[in-house]
Amino acid sequence: MNRSNGSRAMSAGLVRRVLRKPLGVVSGVVLILIVGASFAGQWIAPHDPLAQNLRIVRQGPSVAHLLGTDSLGRDVLSRLLFGGQESLSGVVVAVVAMLIIAIPLGILAGYVGGLLDRVILRVVDVLLSIPGTIITLAVLAIFNNNMFVAMVSVGVLASGAFIRVFRSAALSVRQELYIGAARVSGLSRVRIMANHVLPQIRGVLLVQVTLFSAATLGIQTGLAFLAFGPPPPSPTWGGMVAEAATIIQIDPWLLVPTGGVIALTTLALCLLGDAVRDANQERFTLAGLEGKPSAPQAGKSQVHTTGADRDDEARMAVTPGALLSVRGLTVGFGAEGRETTAIQRVDFDIHPGEVVGLVGESGSGKTVTALALLGLLGANGRVTGGSIRLSGEELVGMPHARLREVRGARIAMISQEPMVALDPSFRVGSQIAEAVRAHDRVSRADARARCEELLAAVRLDPAIARRYPHEISGGMAQRVAIAMALAGRPELLIADEPTTALDVTVQADILDLLRTVQEETQMAVILVSHDWGVVADLCSRAIVMYAGEVVERARVADVFAAPRHPYTTALLRSNPHGAEPGKPLPTIGGSVPAPQEWPVGCHFAARCPLATEACRVAPIDIVHLEGDRASRCIHIDELAEVRA
Amino acid sequence: MSAEQPILEVTDLVVEHGTGRRRKRAVDGVSFEIPTGTTLGLVGESGSGKTTTGMAILGMLPMSGGRVLFEGRDITRMPRRERCALGSQRQVIFQDPYSSLDPSKTIGYTLAEPCRVAPREHRMTTAAIADRSAMLLQRVGLSPDAARRYPAQFSGGQRQRIAIARSLMLSPRLIVCDEPVSALDLSVQAEVLNLLSELQQDLGLSLLFISHDLSVVRHISHAIVVLQGGRIVEKGSADQVYERPRERYTQTLLAAAPVPDPAEQRARREERQRRRIEERQQ
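Quick caveat, the model's predicted, so the values are computed rather than measured.

Regarding its fold elements, chain B presents 10 helices and 10 strands. On C-alpha atoms alone, chain B measures out to a radius of gyration of 20 Å, which is about the 19 Å that the 2.2 N^0.38 rule sets for 282 residues. The principal-axis extent of the C-alpha atoms belonging to chain B is close to 70 × 45 × 45 Å. A burial count over chain B gives 53% of its 282 residues as buried. In chain B, of all internal contacts separated by at least 6 residues, the share reaching a separation of at least 24 is 66%.

What follows is the structure, encoded as structure tokens:
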């Protein structure tokens, strides 16, 4: 019972997505009209398709004969309606025959694999090498012009290609962990294939079916054109085109409705295929977005401008001597004017040569902040308020060309997935040299020399330059990425979770390398991380973010010794390091609110043990504390007491 | 407890990947046992064979050698039918909460699935399955009407709770947890770890806890096995391995993991550098 519910909801989701596309709606409606009218032909046809009237031969469209008459005075519209039954059922026969063979064999080959896979693939190879047209014509000759058998053979011969398509779709599903969980539960292979694999390839399947239908319609009408199938005078689309072609000199009009209906049906099928493909793609990408809370969700607009309105001169003032000054930075995603805020009122300074940790959990906005600094928010996101100044120069609203000069040359970035940053088809050395030549106008030889220098700086053997990215390990790739980032001699390096994907021992090496490189070059580093250990290792200051806001700024030693925001306090306590083994870990309870659910007041209030009414009624401002510290909390004194 | 028979006894486990000349030993002569109702932590870096070991114990990978006793019965040479029946007593929780639930199925379907394949004599009625799903969803801290929703509507932590509920549907004796908290945020990780310990105490579960994170393993495990390149480097009580590691590799691993304490971290870093210099001199 549940199963049918599940699959129905799933396909309903796909259908709804298709219907949201104008292309999908139009092509769907056209197809339904053509198919429906054809099969309702005997009731809605205005005339008998076989009734001749030699007094009105070859007439154009008129009220009595909407699409005109043919050379024997028969009504073209009625003939098209009746002929459609033959052509369209031929398509259905071929598609069904194809699916009956391709679905089970494709899924079996992909999911079971091994010997079975190899055998099926050999069969597919044979199927693909058979000349389809000749076989179909031979079948027609043997089976006495029987269109049904011919269309079955078209479906069977085409199934080879589709077995491959379904096989590769099933192969990718096989890797999913829920398949593993089902296997551990003792589910049989057949059940897993029917319940888990088949629903996942549904999207691919629908796309292929529409495209194959379009192709088959061409074959079916082509055969009828060649006078196969039902003999005259019974109407077929292909036969009518053939008839129109013979009298094209006398009456060109006849070719328009007969050829047109075939073209229209084919076009509608192809466009529907496109719409289904897009809708299917969307389902997966949107599902991915929904899964990752850090990705901003497009939704109803809720831009908090209150903070920006109350910006006073003092808050916006740039600290003298700061390399980077971020003030009131607010970023929204979604359609212009209806953005969902991802980060709001973010303020901080980075001084030259300083290593600062930007810490937070998923959904805190730390990565969005980093991307905003680089102007890399993508088409969907934009800075909706505040300023980013690099050595006094405003980056918000800077023309793209100028911004590109700043990126790489003055601000560089390394990411969590170093392999993604490297192009798999070029040698590591040429990629570093390319980065060098993007910033310095130097000769090839000089670029190569600088490349060796950079490799030495990241403690890699110069021989690495001749290797391809797939020939080096993840740790080496991250070193190469650092070398490329250093190519422009940046003043500021933004490292987004640079060690998260690496093993601990490799992580330790990369952290050591980052420290040495930073000491040698004296560049400032913003380390985006969720790992307090990494922050403790590398950073001198920390900026803690929660639900799109900066909640605390302090020197690293102070954050760990005496956090001044209830969120920081709670988060640090939930770390198993230093907790008593076997005892429950202190937890925060609740979850990070999504941007649409941000409260007016303190974003942490709903989960905070110290929260009072005052926390909820109005936005909380950053409070500047002794030394360099700042906290977005009005209960700091109580927090100190709780700790003491 | 020591007099009792261990729930799992692994002796000289060998697992090989690939065929012919490209054959490679992923797990090479691994032996350990899990006393009933305790947690064994399996620690190692990528390529250490920790996940492979777990999958072999679950019967998802063929073993090339060795013996695995589950409650004293040899599951390596067990007929397929009987091994299937064992499915109800061994369960698994995977690392990635996003791919471990079928996106096209409701949570209720996912939870019920293991019950549908139980042997006929133990098979539960639909009503009993629904009751148990609701009870377990509540037990892992979710509302029972979660059963009607789809995985996409839940956060990573919630999905991991659902995966835990699924693993409990058939009242298993042993759960293999393959990096169950690595993809989770720190605060969520704490909640899931607490849930696992609570369930262990209430239901007498035994856990094989596979992770690369020593501090997590140390927190939840009674005993720890350290793997490197498919072989056991060190095994002992959690206290001993974490506080007084005997083997050099374990020490390196511990020194490499950054800790959230700047002073302690600086000490570790210096220790690491001292080691590196020592190694160079040798």
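Following the structure, the description resumes.
So, on to the domain arrangement of chain A. When its domains are assigned, chain A resolves into domain 1 (2–291) and domain 2 (308–410 + 490–643). Taking only C-alpha atoms, the centre of domain 1 of chain A and the centre of domain 2 of chain A are 55 Å apart.

Next up on the list: the sheet that holds strand β2 (residues 340–350) of chain A. All names here are of chain A. An order of β2-β1-β4-β5 is seen for the four strands of this open sheet, with the pairing classed as antiparallel. Edge strands, defined here as strands with exactly one partner in the open sheet, are β2 and β5 (393–394). Of the strand pairs in this sheet, strand β1 (residues 324–333) and strand β4 (residues 381–390) are connected by eight bridges, and their pairing is antiparallel. Counted as the bridge partner of V326 is I388 from β4. Taken strand by strand, helix α14 (residues 366–374) contacts β1, β2 and β4, and its axis lies near 70 degrees from that of β2.

All names here are of chain A. Chain-level statistics for chain A give a pLDDT mean of 85 and a share of 91% at 70 or above. Of all the helices and strands in chain A, helix α12 (residues 306–309) carries the lowest mean pLDDT, 41, while strand β3 (residues 355–359) carries the highest, 95. Confidence drops under pLDDT 50 across residues 1–11; counting only partners more than four residues distant or on other chains, this segment forms 16 contacts. A low-confidence stretch, residues 286–314 stays under pLDDT 50, and its non-local contacts, those more than four residues away or across chains, total 54 contacts.

With that settled, the discussion passes to the packing of helix α4 (residues 76–112) of chain A against helix α9 (residues 189–225) of chain A. Residues and elements named next belong to chain A. Contact pair α4 / α9: the axes reach a minimum separation of 8 Å and the direction vectors enclose 145 degrees. Like other packed secondary-structure pairs, α4 and α9 cross with a definite hand, here right-handed. Across the interface between the two elements, S87, G90, V91, A94, V95, M98, I107, Y111 and V112 from α4 touch R189, M193, V197, L198, V209, F212, S213, T216, L217, Q220 and T221 from α9. Split into classes, the residues belonging to the contact of α4 with α9 amount to 13 nonpolar, six polar and one charged.

Each value, and the rule that gives it
- Residues numbered from 1 in each chain as written.
- Chains lettered and ligands numbered in written order.
- Predicted model: local features only at pLDDT ≥ 70, side-chain atom pairs only at ≥ 80, totals over all residues.
- Helix = DSSP H or I, 4+ residues; strand = E, 2+ residues; numbered from the N terminus.
- Rg over C-alpha atoms; globule rule 2.2 N^0.38 Å.
- Buried ≥ 20, exposed ≤ 12 C-beta atoms within 10 Å, placed from the backbone.
- Contact = placed C-beta atoms within 7 Å.
- Domains from an automatic or database assignment.
- Pairing = 2+ DSSP bridges.
- Axes fitted to C-alpha atoms, helices over the stretch in contact; angles between N-to-C directions.
- pLDDT = per-residue confidence, 0-100.
- Left-handed = near helix turned anticlockwise from the far one by under 90°.
- Nonpolar A, V, L, I, M, F, W, Y, C, P; charged D, E, K, R; others polar.

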